[in-house]
Amino acid sequence: MSRLPKIKHVRAYVVKNDGTGGGADYHDQGDGHWIDDHIATPMAKYPEYRQSRRSFGINVLGTLVVEIEAENGVVGFAVTTGGEPAAYIVEKHLARFLEGRDPSEVEKIWDQMYFSTQYYGRKGLVVNAISGVDLALWDLLGRLRQEPVFAMLGGAVRDELTFYATGARPDKAKELGFIGGKMPLHHGPAEGEEGLRKNLAELEAMRNACGDDFWLMFDCWMALDLNYATRLAHEAHKLGLKWIEEALSPDDYWGYQALKKRAPPGMLVTTGEHEATRWGFRMLLEMECCDIIQPDVGWCGGVTELIKISAMADAKGVLMIPHGSSVYSYHFVVTRHNSPFAEFLMMAPGADEVVPMFHPQLIGEPVPVNGRLKVPDAPGFGVELNRDIALHRPYAR
Ligand SMILES: C[C@H](O)[C@H](O)CC(=O)C(=O)O
Ligand SMILES: [Mg+2]
């Protein structure tokens, strides 16, 4: 019988979205940032949406902040994306499954959040909102038990994390001590042979700058078709590309299955950052779509669901390297043998220095030094909410 204080209140906030918000909505950056500089996307077939992802609304949702307060005044919180629509779902629908309940009932609460929203949810925004609540609940539980989340997940299996960096400057990432650099693919199929040549020229330039042994990867952000992805994989293999990421639509399980068969031996096919729940990842795993799954813990269902996803991948001999998500993934990665390294998203505009991934929303957010990080052992996820940022609670009850 748990002796924890009951949950008193759930609150959902949004952070003002003005194109310079950053934080958990890391695509919400100002002009001149590498993350919005002609990156290949499924919208790039429309020339007017090719140069900037903000032009088609990549940052329209903004950040969601969920706070869960226990009867004794202890507050757990989490940040993720989803903004105002997710805040509505949290306050108007999900909060009822937490308030008045024991915070240790994570499984039952998750089950009720998921199945009560299944008729309009299952993936995307709704599971994003569920993830935010689940992460805040784990944070609260850690604070109440005075334990870091990684300890509640079974404890660390290694002393520190090692990171690859995602950004437009793998050469800088190498200097900064990362084990690899994942570059955004800049040109999609609509830019034809010339675009393909430019993609390969960028890879070649980075290969020359980084040397033969440094990992280089392409992040294709769902932009390609099977034929283009297969051609890119074979040409890039000659330049030592380690993996081709999220080449196709997340719904195209059949395409991923074919790509994995067609990719050159030794090149890894990775995907999953826009996939959700044990059922979505079961499709990727059973259909043998990829070599690495990349769930985002703030989008795939939270820690409670990541436990199940990770176990399935482990049993299949597939690595799980979560997408971005800062401390929320670090606490998980350090506890699992099939997550041997982690991703760090370079949020400096030029991708040339290490800055906190979710700045300015988290206080005390740890960053890798020389590509390495010891996960802090403060209670919960070990970070505090920056109360100096403008938080807005649109659906206060
Ligand atoms: C660089 C990618 O287009 C995206 O912004 C981030 C991502 O997919 C990743 O970190 O992985
Ligand atoms: Mg990616």
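Residues numbered from 1 in each chain as written. Chains lettered and ligands numbered in written order. Predicted model: local features only at pLDDT ≥ 70, side-chain atom pairs only at ≥ 80, totals over all residues. Heavy atoms only, no water.

The chain is annotated in an unreviewed UniProt entry as L-rhamnonate dehydratase from Brevundimonas nasdae. Taken verbatim from the UniProt record of the chain, the Catalytic activity (unreviewed entry) comment is "L-rhamnonate = 2-dehydro-3-deoxy-L-rhamnonate + H2O". (UniProt positions renumbered as here; feature names shortened; annotations may be inferred.)

A few words now on the pairing of strand S7 (residues 241-245). Within a regular beta strand, the side chains point alternately toward one face of the sheet and then the other, so they alternate between its two faces. Among the five residues of S7, four are classified as buried, and the element is accordingly described as predominantly covered. Relative to S7, strand S6 (residues 215-219) runs parallel, the two sharing four bridges. Bridge pairing in S7 links Leu-216 to Leu-241. Read as a crossover between parallel neighbours, the route from S6 over helix H7 (residues 226-237) to S7 is right-handed. Strand direction decides the pairing type here: S7 and strand S8 (residues 268-271), joined by three bridges, are parallel. Across the sheet, residue Glu-245 finds its bridge partner in S8, namely Thr-270. Note that the unit made of S7, helix H8 (residues 253-262) and S8 has a crossover that is right-handed. (Buried < 20%, exposed > 50% of the residue type's maximum accessible area, 1.4 Å probe, protein only. Helix = DSSP H or I, 4+ residues; strand = E, 2+ residues; numbered from the N terminus. Pairing = 2+ DSSP bridges. Right-handed = clockwise from strand over helix to strand, strands pointing away.)

Once that is clear, we can look at the coordination of the magnesium ion (ligand 2). Distances from the magnesium ion (ligand 2) to its protein donors, Asp-219 (OD), Glu-245 (OE) and Glu-273 (OE), fall at 1.9 to 2.1 Å. Taken in sequence order, the residues that donate to the magnesium ion (ligand 2) follow the motif D-x25-E-x27-E. You can see Asp-219 sitting in strand S6 and its partner Glu-273 sitting in the loop between S8 and helix H9 (277-286), a full 54 residues away along the chain. Neither Asp-219 nor Glu-273 differs from the other in exposure class; each is buried. (Donors = N, O, S within 2.8 Å, 3.2 Å for Na, K, Ca; no water.)

A word on the sheet that holds strand S3 (residues 75-81). On the basis of which strands lie adjacent, the open sheet formed by four strands has the order S3-S2-S1-S15 and antiparallel pairing. Only two strands of the sheet have a single partner each, and these edge strands are S3 and strand S15 (391-392). Here strand S1 (residues 7-15) runs beside strand S2 (residues 63-70); their pairing, made up of seven bridges, is antiparallel. If you follow Val-14 over to S2, its bridge partner there is Leu-64. Where helix H1 (residues 83-94) meets the sheet, its contacts fall on S1, S2 and S3, and the angle it forms with S1 comes to roughly 165°. Docked against the sheet, helix H3 (residues 124-145) engages S1, S2 and S3, running at close to 150° with respect to S3. (Contact = heavy atoms within 4.5 Å. Axes fitted to C-alpha atoms, helices over the stretch in contact; angles between N-to-C directions.)

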